[in-house]
Amino acid sequence: MARMHTRRRGSSGSDKPTADEPPEWSDVDPEDIESRVVELAEQGYDPSQIGIKLRDEGVTGTPIPDVKLATGKKITEILEENDADPEIPEDLRNLMKRAVRLREHVQQNQQDYQNKRALQNTESKVRRLVDYYRGDELEPDFTYSYEQAKDLLDDV
């Protein structure tokens, strides 16, 4: 897969091993996993952080290597079912945070052309992602702006 805003070629890495069912040593009840996922979300963890926490700490001491294998649902699906899903998707929120930080940096350091370009690239990614989520996860009339992103991130 070619990167979006660089001259570099594709990226290569290891793939997740294919598995049809969770390992025998991780035999936790799916309801316990779901309740732990909701509990962690209420504590303010993002879906990716929840997955890492379940992998490392587990439920009642038993690690959960893959929530989807154990429950048949992704973490975000579990959160949606229990009305604990975040207002804006995690990937979009992280990009917006980066754009806000970059914008504040560029305002203070106007000669920093490298980060001006990074800001343009990041805001471009945000707008592309907003188009993807608009109407589904976001309001149909949602548009990205620095002020709106700053307000959204202050609320969270």
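Residues numbered from 1 in each chain as written. Predicted model: local features only at pLDDT ≥ 70, side-chain atom pairs only at ≥ 80, totals over all residues. Heavy atoms only, no water.

Q: I'd like a description of the packing of helix 5 (residues 90–108) against helix 6 (residues 113–133), backed by residues and values.
A: If you want to describe how two helices pack, look at the angle between their axes and the distance between the axes. Interhelical geometry of helix 5 versus helix 6 gives an angle of 150° and a closest axis separation of 9 Å. Classified by the angle their axes make, helix 5 and helix 6 are roughly antiparallel. The handedness of the crossing between helix 5 and helix 6 comes out as left-handed. The residues of helix 6 that touch helix 5, namely those facing Asp91, Leu92, Leu95, Met96, Arg98, Ala99, Leu102, Arg103, His105 and Val106, are Asn115, Lys116, Ala118, Leu119, Thr122, Glu123, Lys125, Val126, Leu129, Val130 and Tyr133. Taken together, the residues of the contact of helix 5 with helix 6 break down into 12 nonpolar, 3 polar and 6 charged. (Axes fitted to C-alpha atoms, helices over the stretch in contact; angles between N-to-C directions. Helix = DSSP H or I, 4+ residues; strand = E, 2+ residues; numbered from the N terminus. Parallel < 35°, antiparallel > 145°, perpendicular 65-115°, else oblique. Left-handed = near helix turned anticlockwise from the far one by under 90°. Contact = heavy atoms within 4.5 Å. Nonpolar A, V, L, I, M, F, W, Y, C, P; charged D, E, K, R; others polar.)

Q: Which residues make up helix 2 (residues 47–56), and what are the values?
A: Among the residues of helix 2, Pro47, Ile50, Lys53 and Leu54 are the ones counted as buried. Looking down the long axis of helix 2, one finds its buried residues gathered within 120° of arc, a one-sided arrangement. In this fold, the buried residues of helix 2 make contact with helix 1 (30–42), helix 3 (67–71), helix 4 (75–81) and helix 5. (Buried < 20%, exposed > 50% of the residue type's maximum accessible area, 1.4 Å probe, protein only. Arc of directions from axis to C-beta.)

Q: Tell me about the nonpolar core, residues and numbers included.
A: Generally speaking, nonpolar side chains in soluble globular proteins are found buried as a group. By size, the foremost hydrophobic cluster in this structure holds 19 residues, and its most contacted members are Leu92, Met96, Val126, Val130, Leu138, Phe142 and Tyr144. Within the residue set of this core, elements represented by two or more residues are helix 5, helix 6 and helix 7 (146–155). Ranked by the residues each element gives to this core, the list is headed by helix 5, at 6 residues. Look past the residues within four positions of Met96 in its chain and what remains in contact with it is Ile88, Val126, Phe142, Tyr144, Ala149, Leu152 and Leu153. Residues Leu40, Val59, Ala70 and Leu79 belong to the second largest nonpolar core, which totals 15 residues. (Core = buried A, V, L, I, M, F, W, Y, C linked by side-chain atoms within 4.5 Å.)

Q: Can you tell me about the environment of Ser145, naming the residues and giving the values?
A: By the secondary structure assignment, Ser145 is in the loop between helix 6 and helix 7. Given a relative accessible area of 27%, Ser145 falls into the partly exposed group. Residues Ser145 and Arg134 lie 11 residues apart in sequence; the distance between their C-alpha atoms is 14 Å. At 3.2 Å, the side chain of Ser145 forms a polar contact with the backbone nitrogen of Gln148. (Polar contact = N/O pair within 3.5 Å; in protein donor to acceptor, adjacent residues only side chain to side chain.)

Q: If you had to explain the packing of aromatic side chains to someone new, which residues and values would you point to?
A: How two aromatic rings sit relative to each other is set out by the distance from centre to centre and by the angle between their planes. Considering all chains together, one arrives at 1 aromatic pair under this definition. Taking the centre distance of 5.0 Å and the plane angle of 70° together, the rings of Tyr132 and Tyr133 count as edge-to-face. You can call Tyr132 exposed: its relative accessible area is 61%. (Phe/Tyr/Trp six-rings, centres within 6.5 Å; stacked < 30°, edge-to-face > 60°.)

Q: Can you break down unusual backbone geometry residue by residue, with the values?
A: Even without being glycine, Thr60 reaches a positive phi, approximately 50°. Topologically, Thr60 is positioned in the loop between helix 2 and helix 3. We classify Thr60 as exposed; its relative accessible area is 75%. Its identity as a non-glycine residue notwithstanding, Asp83 has a phi of 50°, on the positive side.

Q: Lay out the domain arrangement of the protein chain in plain terms, naming residues and giving numbers.
A: A common way to state how big an interface is: give the accessible area lost once the parts meet. Domain assignment breaks the protein chain into domain 1 (30–82) and domain 2 (90–155). Computed over C-alpha atoms, the centres of domain 1 and domain 2 are 28 Å apart. (Domains from an automatic or database assignment.)

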